[in-house]
Amino acid sequence: MDVQGLRKAFGELEVLRGIDFSVARGEVVCVIGPSGSGKSTLLRCVNLLEEPSAGRVVVAGTEVTDPDVDIDRVRRRIGMVFQAFNLFPHLTALENLTIAQRRVLRRDRGEAERIARANLERVGLSDKAGSYPAQLSGGQQQRVAIARALSMEPELMLFDEPTSALDPELVGDVLAVMRALAQEGMTMLVVTHEMSFAREVADRVVFMDGGVIVEEGTPEQVVGAPQHERTRTFLARVL
Ligand code: ADP
Ligand code: MG
């Protein structure tokens, strides 16, 4: 994934003011930064949930920002996991995993269910296939949301603060699933405040503030020995 000169304004408000960075295949990049710095907007521009004001975004060889792009095709290759789990409340975990496979990828019921069960197993929830979201803990719901994204077999996974709505005791299970995904070689762009996760799992950490990348580097560099005052101030608040 490659982002060049990315800008996004909402009216007068410039939220992204020229972002350049890339995520190589199989790489895990964590984005950190204060609230309002543009992290969610950056992720949303990558799959065109927001239309960039300027710049280029390329995902797995396809220019997302090309006006002629088939955006539905591109989105199929990008999995997104939000802070809120956004599961369908009236569908079981299994049905939440099969619906998009059937409607978007046109998989038949048997294949969709086979892939769904494999992904529920991957997130440690084989026994919850028949449960409705309300019967699951927040951490279990978020793992179902991850399994749902994986069922579409994405080439890139975007995570936007996936654990920040969870009770502290449920965070670890979700991070463990993400860590395993990283080890399997999934390409991941993760907005998170979990500094221990960033330190252990990220290949690179990007610190954003005020719509720009202030610094980026290895976790040892950015979290362990930040060069910029703004990064130090932020880390002092979250660590
Ligand atoms: P972060 O995820 O780092 O907290 P966001 O990307 O959510 O930051 O937001 C960055 C800024 O953009 C904030 O000032 C926010 O209020 C503003 N913003 C985000 N989305 C919209 C929108 N749809 N319309 C207007 N302003 C927005
Ligand atoms: Mg955000």
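First, a word on scope: everything that follows refers to the structure included in this document. This is a predicted model, so every value here is computed, not measured.

**Concerning the state of the cysteines**
In step 1: Applying the stated criterion across every chain, the model contains zero disulfides.
In step 2: No disulfide involves cysteine 30; its sulfur sits 19 Å from that of cysteine 45, the nearest cysteine.
In step 3: Looking at cysteine 30, the relative accessible area reads 0%, which means it is buried.

**Things to note about the packing of aromatic side chains**
In step 1: The tally for this structure, following the rule as stated, stands at one aromatic pair.
In step 2: On the basis of an interplanar angle of 40° and a centroid distance of 5.4 Å, the ring pair of phenylalanine 207 and phenylalanine 234 is categorised as tilted. Of this pair, phenylalanine 207 sits in strand β9 (residues 204-209) while phenylalanine 234 is found in helix α9 (residues 229-238), placing the two residues 27 residues apart along the sequence. Summarising the burial analysis for this pair, phenylalanine 207 and phenylalanine 234 share the class buried.

**Brief notes about the environment of lysine 128**
In step 1: With respect to the element layout, lysine 128 can be found in the loop between α4 (109-122) and α5 (138-151).
In step 2: Sequence spacing of lysine 128 and glutamate 194 is 66 residues, and the spatial spacing of their C-alpha atoms is 27 Å.
In step 3: Each residue touching lysine 128, except ones within four places of it in the same chain, is listed here: Ala93, Leu136 and Gln140.

**Observations concerning the sheet that holds strand β7 (residues 156-160)**
In step 1: Strand order across the open sheet formed by six strands is β6-β7-β8-β3-β9-β10, with mixed pairing between neighbours. Here the strands that pair on one side only, and so sit at the sheet edges, are β6 (78-81) and β10 (212-217). Sheet twist, expressed as the mean angle between neighbouring strand axes with direction ignored, is 15°.
In step 2: Bridge count between β6 and β7: four bridges; the pairing is parallel. Following the sheet pairing, valine 81 is matched in β7 by phenylalanine 159.
In step 3: Across the sheet, helix α6 (residues 168-183) lies against β3 (28-32), β7 and β8 (188-191), angled at about 150° from β8, the strand it touches most.

Conventions used here
- Residues numbered from 1 in each chain as written.
- Chains lettered and ligands numbered in written order.
- Predicted model: local features only at pLDDT ≥ 70, side-chain atom pairs only at ≥ 80, totals over all residues.
- Heavy atoms only, no water.
- Disulfide = S-S within 2.5 Å.
- Buried < 20%, exposed > 50% of the residue type's maximum accessible area, 1.4 Å probe, protein only.
- Phe/Tyr/Trp six-rings, centres within 6.5 Å; stacked < 30°, edge-to-face > 60°.
- Helix = DSSP H or I, 4+ residues; strand = E, 2+ residues; numbered from the N terminus.
- Contact = heavy atoms within 4.5 Å.
- Pairing = 2+ DSSP bridges.
- Axes fitted to C-alpha atoms, helices over the stretch in contact; angles between N-to-C directions.

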